[in-house]
Amino acid sequence: MAERTGRTVVIGGGAAGIAAARRLWDSGTDVLLLEAGSRVGGRASSLTLDLAPASFPIPAAVTVDAGCGWLHSARRNPWTQVAEQTGAAIDRSSPNWGVQWRDLGYSPAEQQAFGEAWHRWETAARAAAGGPDQPLSAFIARDDRWRPMIDAISGYANGAPLTAVSLHDWLAYEDASTADNWALPAGYGTLIAGHVGSVPVRLGTLVTRIDHRGTALRIDTDAGTVEADQAIVCVPTTALAAIAFDPPLPGKHDAAAALPLGLADKVFLQVDRIDWPASSHLIGNPHSGCSASHRLSPFGWPIIESFFGGDCAEVLEVEGAAADFAITELVALLGADWRVRLTPLAATRWRHEPHIHGSYSHARVGHAGDRQILAAPVDDRLFFAGEACSREDFSTAHGAYLTGVAAAEAILAARSQGA
């Protein structure tokens with residue numbers, strides 16, 4: 001291995017931090033990854049759930065993703081290449097988000113009417129692209145019968161309701177994304193955490209202050225001070241406010257505040273038997289803004305993954321509330337006998353997750369440009385990365401990866417020029 005040169009400290013062990021640290025480590029750089037939590041991965045977190053014995057053959061346990069779970073824009077997603085290189089299985093089948101199994105509670109006529117309403121809303125939004133920024137709610141009447149469904153989808157996609165999401169920010173994502181969304185049976189979180197490889201990591205190390213006045217950066221943590229030539233800050237926008245900079249960087253804190261984390265949560269239920277094809281789908285109630293997107297038997301497993309977003313997820317973060325809500329929705333669609341056939345296995349509460357406190361970023365109206373402000377380096381030695389720093393792939397693990405690698409490449413380029 002080449003002699004390691006220059007100390008870089010990467011702060012935050014999520015997808016961006018892991019990607020940045022791994023790129024530097026593979027190049028021969030002396031790098032240290034600091035993570036406040038007890039594990040790496042951040043908002044990528046795979047869980048192993050034990051299953052109760054059933055009357056048909058099932059695995060003893062399954063791996064599910066509490067956080068990001070889809071290789072969005074998969075063909076251009078760098079994590080797809082990581083998965084292929086490591087031999088991780090990839091399920092390239094459709095997620096069926098637009099298909100209602102057996103049209104339960106959602107007739108073909110209603111599905112067509114919703115499609116037409118969505119087209120009208122999206123057409124109106126795109127027509128306003130060249131004007132001043134507006135909330136996504138501006139393009140559909142408050143009393144439109146399909147507004148609740150569009151609001152629910154905003155909750156899934158943005159973690160926030162239409163009224164809170166910037167048109168310009170939303171368009172940047174939509175214009176760059178593609179419809180290929182693939183899944184990983186072993187878990188997206190498993191893949192991302194595994195990518196850290198042999199990079200030196202210190203868990204349970206909370207960064208509180210970065211002194212960038214002198215020649216060396218002084219990074220204060222609750223376990224002592226670390227010096228570095230460069231640092232890459234890869235923490236969620238919710239966590240940036242807790243880091244003091246000396247001299248202060250108010251622009252960074254202001255940008256982070258303008259890019260808050262929305263909320264998306266999941267509930268996992270076991271079923272006593274599988275009555276549908278693998279990876280089927282149900283919307284709980286297409287006429288309510290608070291409804292789950294139910295993924296039926298991913299990979300053929302006897303589980304249901306129920307997904308909540310936005311305001312709906314916020315009100316269901318009370319312990320046990322989301323599981324009760326998901327079961328009630330499913331029973332309304334499948335029949336009363338299903339209440340005893342569904343067993344809660346786990347539920348997420350990302351607002352309560354230490355050092356994270358949310359899911360993925362959206363720009364407040366008028367603040368789409370704050371992503372570039374957040375991402376801009378300071379004196380070419382203090383860098384910033386993470387999904388919120390991506391202009392068009394925010395809210396995704398691949399957006400985080402790309403910004404992390406970009407920061408690492410900037411450090412390597414500067415060193416090459418100075419050699």
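Trainee: Account for unusual backbone geometry, naming residues and giving values.
Mentor: Most of the time, phi is negative for any residue but glycine, and the peptide bond is trans. Cis peptide bonds are those with omega within 30 degrees of zero, and the linkage from Asp246 to Pro247 qualifies with 0°. Here Pro247 is to be found in the loop between strand E10 (244-246) and helix H8 (250-257). Here the phi dihedral of Asp379 falls at roughly 55°; this positive angle occurs in a residue that is not glycine. Relative accessible area serves as the criterion here: at 58%, Asp379 is assigned to the exposed category. You will see that Asp380, though not glycine, has its phi angle at about 55°, which is positive. With respect to the helices and strands, the residue Asp380 is situated in the loop between helix H11 (370-375) and strand E16 (382-384).

Trainee: Quick rundown of H8? Include the residues and the values.
Mentor: All of the buried residues along H8 are Lys252, Ala255 and Ala256. The buried side chains of H8 occupy one side of the element, clustering within an arc of 100° when seen end-on. The outward face of H8, more than 90 degrees from its buried face, is lined by the exposed residues Pro250 and Asp254. Buried residues belonging to H8 abut helix H7 (237-240), H11 and E16.

Trainee: Quick rundown of the packing of helix H3 (residues 108-127) against helix H5 (residues 167-176)? Include the residues and the values.
Mentor: Look at H3 against H5: their axes get within 10 Å of each other, and the N-to-C directions meet at 110°. Classified by the angle between their axes, H3 and H5 sit roughly perpendicular to one another. Within the contact between the two elements, H3 uses Trp121, Glu122, Ala125 and Arg126 and H5 uses Leu167, Trp170, Leu171, Glu174 and Asp175.

Trainee: Describe in detail the state of the cysteines, supporting the description with residues and values.
Mentor: According to the stated counting rule, one finds 1 disulfide in the structure shown. Two residues share a disulfide in this structure: Cys290 and Cys312, whose sulfurs sit 2.1 Å from each other. Judged by the sign of its S-S torsion, about 65°, the cystine formed by Cys290 and Cys312 is right-handed. Taken together, the residues span a long stretch of sequence, with Cys290 in the loop between strand E12 (280-283) and strand E13 (293-296) and Cys312 in helix H9 (residues 310-315) at a distance of 22 residues. Judged by relative accessible area, Cys312 falls into the buried class, the value being 3%. With no disulfide partner, Cys234 has as its closest neighbouring cysteine sulfur the one in Cys389, 8.0 Å distant.

Criteria and thresholds
Residues numbered from 1 in each chain as written. Predicted model: local features only at pLDDT ≥ 70, side-chain atom pairs only at ≥ 80, totals over all residues. Heavy atoms only, no water. Helix = DSSP H or I, 4+ residues; strand = E, 2+ residues; numbered from the N terminus. Buried < 20%, exposed > 50% of the residue type's maximum accessible area, 1.4 Å probe, protein only. Arc of directions from axis to C-beta. Contact = heavy atoms within 4.5 Å. Axes fitted to C-alpha atoms, helices over the stretch in contact; angles between N-to-C directions. Parallel < 35°, antiparallel > 145°, perpendicular 65-115°, else oblique. Disulfide = S-S within 2.5 Å.

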